[in-house]
Amino acid sequence: MKNFIKYDLYVQLFFLITGCLVTIIKGWDGWILFYFIVGIPQLISFFVKIFLKIKISPLFLIYGIVILPVWISMVILKTLEIDHQLIDIPVCIVVMAFFYSPFMALLYVFESHNLYNSLK
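What you see is a predicted model, and the numbers here were worked out from it, not measured in a lab.

**Looking at the overall build of the chain**
Tallying secondary structure elements over the chain gives four helices and zero strands in all. When its helices and strands are written in sequence order, the chain yields α-α-α-α. Seen through its C-alpha atoms, the chain measures out along the principal axes to roughly 50 × 35 × 20 Å. Burial statistics for the chain: of 120 residues in total, 32% are counted as buried. Within the chain, residue pairs in contact and separated by at least 24 positions form 68% of the contacts whose partners lie at least 6 positions apart. Counting only carbon and sulfur atoms, one obtains 76% of the accessible surface of the chain, whose full area is about 7,800 Å². Here the chain carries 8 positive and 6 negative side-chain charges, and the mean point of each set is 22 Å from the other.

Definitions and cut-offs
Residues numbered from 1 in each chain as written. Predicted model: local features only at pLDDT ≥ 70, side-chain atom pairs only at ≥ 80, totals over all residues. Heavy atoms only, no water. Helix = DSSP H or I, 4+ residues; strand = E, 2+ residues; numbered from the N terminus. Buried < 20%, exposed > 50% of the residue type's maximum accessible area, 1.4 Å probe, protein only. Contact = heavy atoms within 4.5 Å. Areas by Shrake-Rupley, 256 points an atom, 1.4 Å probe, with all protein chains shown as cover. Lys, Arg positive; Asp, Glu negative; His and termini not counted. Charge placed at Lys NZ, Arg CZ, Asp CG, Glu CD.

Below, the structure written as structure tokens:
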């Protein structure tokens, strides 16, 4: 488990730096890529950590509560064909996430670092 936490921290740092570099290189065209380059590995890591027997901090829970509805909303918007009025809620969630998810990505890497340090 300690090895997973260590490698997970390095993977999260790698994808965060890669996402930032892609955004800098591509400019505004690459900004949307940041969300997927950084977000998908963090989502996978989040689900793996939920099922591990590790200390779950309040920061980790806040990340999950704030980010999971975004991914669920994106799946709903892409897969389900529902009434136009019902789509407004998932669209609103995704638009709000456009502003706060880069900060949440930093927060998740910070939390991964704290978890790694707590296991030393």
